[in-house]
Amino acid sequence: MIYFLLQWYIIVPALLALFYWHGTRNFSHWRKLGVKHISPEFFFGNIRKRVLFRQSFHELQKELYFSFPGERVAGIYEGRRPTLMVRDPDLIKLIMVRDFDHFVDRPVLRFRQRPSVNNMLITLQGAQWKAVRAILTPTFTSGKIKSMSLLVMDVGKQMVSFLENVIDKPEGSELEMKDFFGRFTLDVIASCAFGVQCDSLQTPDAEFAAYAGKFNDIPLHERIMIFTLLLFCPQLARFFPLSFMNKGVLSFLESVVRNTKEQRVREGIRRNDFLQLMMDALESEKGQDKTVLNEDIVIAQSILFLLAGFETSSTVLSFTAYELALNPEIQSKLREEILRVLQKYDGKCTYDAVHEMEYLDMVIHESMRKHPPVARMDRKCTKEYLIPETNITLKPEASVSIPVMGLHYDSQYYPDPERFDPTRFSAEEKAKRSPYVYLPFGSGPRNCIGARFALTSTKMALVYFLQGFGVEPCLKTEIPYAYSKFSMLLKAEKGIWLNIKRLTHFSDHSSHN
């Protein structure tokens with residue numbers, strides 16, 4: 001018995017010492033390279049408040065950025081993992097564009113999860129990513145987006161009909177904007193991605209809408225497991241059946257895509273949408289010695305297009321409506337432009353009409369500056385890289401982050417950054433600053449492939465909305481809003497509640513153009 005206890009007195013301290021050594025052995029990384037950094041804490045590194053859900057991801061990125069004023073780069077620790085934060089727009093350009101061949105990949109946790117996640121474009125790496133990206137790119141040409149805008153117009157008319165039924169009082173009605181615009185974007189993308197008519201605006205309890213809206217719902221114990229692996233032992237991630245997306249939602253969407261694909265093949269149906277392009281590319285590869293696509297990759301891209309587009313576009317629309325409610329003079333100016341341009345197009349919200357609305361473009365870009373759906377961009381060094389004008393050499397596998405949230409709030413680039421000012425995005429103002437201090441869609445070869453489609457559908461949604469309805473704060477409107485501490489993407493903790501009123505000039509005829 002004494003011998004057994006003595007063994008434990010030796011083994012337990014040894015295991016604890018090994019655990020501590022493993023958790024701290026990288027903590028001299030930035031000091032050795034001469035990079036300014038914050039002293040890390042055991043297990044947490046520099047992100048304790050985020051790990052304990054006391055701070056949102058967006059607030060963390062903003063705080064870290066402003067912890068290093070004047071620095072071109074800075075070192076942070078995410079758990080035991082050192083990450084280089086790049087603050088200088090010239091260096092950002094090198095990493096994202098000019099020297100992209102050194103930073104082709106994104107750092108990802110490779111969980112033991114379904115192929116529909118591991119084969120998404122955002123997680124693919126190297127030559128496989130490049131090949132799949134090349135196949136997807138033709139989907140988002142101006143001609144294809146213009147063609148798909150006809151589907152967006154149909155959903156826009158449904159949105160107006162929905163509001164006409166809901167806003168039945170002169171003083172208006174209160175709506176939660178993320179839910180409202182989420183249903184619009186879901187209908188748009190489901191139709192444009194793979195021809196599913198989910199009608200979530202007219203049928204709030206529709207199965208498709210119910211599932212898609214929960215894709216980010218992850219049980220707390222799984223979030224804790226993901227954080228632990230990310231911070232302490234990412235190499236073990238492949239042994240754990242975890243995911244950043246709700247597994248039930250993924251399973252449902254996989255079945256929708258498979259069933260739609262099988263039905264088209266069986267009945268000879270063709271549509272001008274994202275899934276059809278993928279099916280055609282898959283068919284064209286048959287018989288070739290070297291192929292890029294398979295069914296898992298096709299399903300993965302279809303789900304990615306739906307979920308990424310649904311989440312980011314509805315976020316942009318929600319926070320744009322929020323800013324317009326708080327800035328009625330900007331809302332009035334925007335509406336005047338919308339009505340003026342629509343007159344030239346017989347009242348129809350066409351692709352050409354919305355791209356003629358310059359102030360609308362400025363409003364949306366300013367909204368994405370203040371409320372970027374994604375707080376930072378990440379890259380992984382794929383081959384040794386000496387950062388120009390420094391003695392810092394990055395080794396393969398090194399993590400690099402681009403602090404979007406911090407750049408968007410830096411008064412050096414955007415004076416009085418808390419103020420909502422669309423004129424920042426006039427041609428004259430944009431010419432005065434680097435394009436690499438505004439990165440809601442990223443930049444370079446690995447930027448958001450669906451950015452132009454997202455902007456077009458977002459503009460069309462605002463045109464349909466604002467030509468007949470006004471938006472203003474209500475008793476439930478939080479000013480300022482609190483960030484959700486449980487979401488990686490931008491989300492208001494209590495939602496974005498606003499009051500919607502019908503405008504007196506609006507007629508039934510104009511609402512259905």
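What you see is a predicted model; the values in this text were computed from it and never measured. (Residues numbered from 1 in each chain as written. Predicted model: local features only at pLDDT ≥ 70, side-chain atom pairs only at ≥ 80, totals over all residues. Heavy atoms only, no water.)

**Quick notes on the overall build of the protein chain**
- Across its full length, the protein chain holds 21 helices and nine strands.
- Taken over C-alpha atoms, the radius of gyration comes to 24 Å for the protein chain, in line with the 24 Å a tight globule of 513 residues would show.
- The proportion of buried residues among the 513 residues of the protein chain is 54%.
- Restricting the contact set of the protein chain to residue pairs at least 6 apart, pairs at least 24 apart contribute 74%. (Helix = DSSP H or I, 4+ residues; strand = E, 2+ residues; numbered from the N terminus. Rg over C-alpha atoms; globule rule 2.2 N^0.38 Å. Buried < 20%, exposed > 50% of the residue type's maximum accessible area, 1.4 Å probe, protein only. Contact = heavy atoms within 4.5 Å.)

**As for the pattern of salt bridges**
- Summed over the entire model, instances satisfying the criterion amount to 33 salt bridges.
- Its salt-bridge partner being Arg-72, residue Glu-389 comes within 3.8 Å of it at the nearest N-O pair. Here Arg-72 lies in the loop between α4 (57-65) and β1 (73-78) and Glu-389 lies in the loop between β5 (385-386) and β6 (393-394), a separation of 317 residues in the sequence.
- On the basis of relative accessible area, Glu-389 is assigned to the exposed category, the value being 76%.
- Two residues, Asp-296 and Arg-258, come together in a salt bridge whose shortest N-O distance is 3.9 Å. One end of the pair, Asp-296, is in helix α14 (residues 295-326); the other, Arg-258, is in helix α12 (residues 247-267), with 38 residues separating them in the sequence.
- Each of Glu-254, Arg-258, Lys-261, Glu-295 and Asp-296 takes part in one network of salt bridges that share partners. (Salt bridge = Lys/Arg side-chain N within 4 Å of Asp/Glu carboxyl O.)

**A short note on the nonpolar core**
- Met-177, Phe-180, Phe-208 and Phe-465 are the most contacted members of the largest nonpolar core, which has 141 residues in total.
- No other element matches α14, which puts 17 residues into this core.
- When neighbours within four sequence positions are excluded, Phe-465 is seen to be in contact with Met-159, Leu-163, Met-177, Phe-180, Phe-181, Val-471 and Ile-500.
- Counting twelve residues, the second largest nonpolar core, distinct from the first, contains Phe-44, Phe-53, Phe-68 and Ala-74. (Core = buried A, V, L, I, M, F, W, Y, C linked by side-chain atoms within 4.5 Å.)

**What to know about the pairing of strand β2 (residues 81-86)**
- Among the six residues of β2, five are classified as buried, and the element is accordingly described as predominantly covered.
- Sheet analysis places β1 next to β2, joined by six bridges and oriented antiparallel. When the bridges of β2 are listed, Ile-76 appears paired with Thr-83.
- Taking the residues that link successive antiparallel strands as the turn, the β1-β2 hairpin has two residues, and the phi of Gly-79 there is positive, at about 70 degrees.
- The sheet contact formed by β2 and strand β7 (residues 399-402) spans three bridges and is parallel. (Pairing = 2+ DSSP bridges.)

**Examining the pairing of β7**
- Both faces of β7 are covered, namely the face carrying Ser-399 and Ser-401 and the face carrying Val-400 and Ile-402.
- When strand β4 (residues 377-380) meets β7, the two strands line up antiparallel, connected through four bridges. Along β7, the bridge assignment pairs Asp-378 with Ser-401.

**Some thoughts on unusual backbone geometry**
- Of note, the bond from Ile-479 into Pro-480 is cis; its omega dihedral lies within 30 degrees of zero at -5 degrees.
- In this fold, Pro-480 is placed in the loop between β8 (469-472) and β9 (497-502).
- Unlike most non-glycine residues, Asp-416 shows phi in positive territory, near 50 degrees.
- One can find Asp-416 in the loop between α18 (404-408) and α19 (427-430).

**A word on the sheet that holds strand β3 (residues 173-176)**
- Taken in spatial order, the three strands line up as β3-β9-β8 in an open sheet, and their pairing is antiparallel. The strands lining the two open edges of the sheet, one partner per strand, are β3 and β8. Sheet twist, expressed as the average angle between the axes of neighbouring strands with direction ignored, equals 40 degrees.
- Across four bridges, the pairing between β8 and β9 is antiparallel. Looking across to β9, one finds that Gly-470 is bridged to Lys-501. (Axes fitted to C-alpha atoms, helices over the stretch in contact; angles between N-to-C directions.)

**Concerning empty space enclosed by the protein**
- As enumerated under the stated definition, the model contains one cavity of 30 Å³ or more in all.
- Estimates place the volume of the largest cavity at around 60 Å³.
- Thr-312, Ser-313, Val-316, Ile-364, Met-368, Phe-441, Ala-454, Leu-455 and Thr-458 together form the lining of the largest cavity.
- Elements with a contribution of two residues or more to the lining of the largest cavity: α14, α17 (358-370) and α20 (451-466). (1 Å grid on protein atoms, 1.4 Å probe; cavity = no way out; pocket = protein on both sides within 12 Å on 5 of 7 lines; lining within 4 Å. Points joined across faces, edges and corners; volume = space filled by probe spheres on them.)

**Quick look at the UniProt feature "binding site: heme" (unreviewed entry) in the protein chain**
- Sites flagged by UniProt as "binding site: heme" (unreviewed entry) map to Cys-448.
- Within the fold, Cys-448 resides in the loop between α19 and α20. (UniProt positions renumbered as here; feature names shortened; annotations may be inferred.)

**Topic: the sheet that holds β4**
- Read across the sheet, four strands follow the order β1-β2-β7-β4 without closing on themselves; strand pairing throughout is mixed. A single partner strand is all that each edge strand has here, and the edge strands are β1 and β4. Taken over all neighbouring pairs, the strand axes of this sheet differ in orientation by 30 degrees on average, direction set aside.

**What about a nonpolar patch on the surface?**
- The grouping of Ile-10, Ile-11 and Leu-15 at the surface amounts to a nonpolar patch, some 300 Å² of accessible area in total.
- Along the chain, Ile-10 turns up in helix α1 (residues 2-24).
- The exposure class assigned to Ile-10 is exposed, which follows from its relative accessible area of 60%. (Patch = residues over 30% accessible without salt bridge, like charges linked within 9 Å, V, L, I, M, F, W, Y side chains within 5 Å. Areas by Shrake-Rupley, 256 points an atom, 1.4 Å probe, with all protein chains shown as cover.)

**Topic: α12**
- End to end, α12 covers 30 Å across 21 residues, agreeing with the expected 30 Å (1.5 Å per residue, within 8%).
- Considered for burial, the residues of α12 that qualify are Val-249, Leu-250, Phe-252, Leu-253, Glu-254, Val-256, Val-257, Thr-260, Lys-261 and Arg-264.
- Buried residues along α12 sit against α6 (115-118), α9 (177-194), α10 (207-212), α13 (274-284) and α14.
- Positive backbone phi, approximately 65 degrees, marks Gly-268, located one or two places after α12. (Expected span 1.5 Å × (residues − 1).)

**Overview of the packing of α14 against α17**
- Where α14 contacts α17, the axes come no closer than 9 Å and their chain directions differ by 100 degrees. Regarding the angle of α14 to α17, the classification is roughly perpendicular. The residues of α17 that touch α14, namely those facing Val-316, Phe-319, Thr-320, Glu-323 and Leu-324, are Val-363, Ile-364, Ser-367, Met-368 and Lys-370.
- Its residues assigned to classes, the contact of α14 with α17 comprises six nonpolar, two polar and two charged. (Parallel < 35°, antiparallel > 145°, perpendicular 65-115°, else oblique. Nonpolar A, V, L, I, M, F, W, Y, C, P; charged D, E, K, R; others polar.)

**Comments concerning the packing of α12 against α14**
- Here α12 crosses α14 at 115 degrees, and the two axes come no closer than 10 Å. With respect to the hand of their crossing, α12 and α14 are arranged in right-handed fashion. Across the interface between the two elements, Leu-250, Leu-253, Glu-254, Val-257, Arg-258 and Lys-261 of α12 pack against Glu-295, Asp-296, Ile-299, Ser-302, Ile-303, Leu-306 and Leu-307 of α14.
- Among the residues making up the contact of α12 with α14, the classes are represented as seven nonpolar, one polar and five charged. (Left-handed = near helix turned anticlockwise from the far one by under 90°.)

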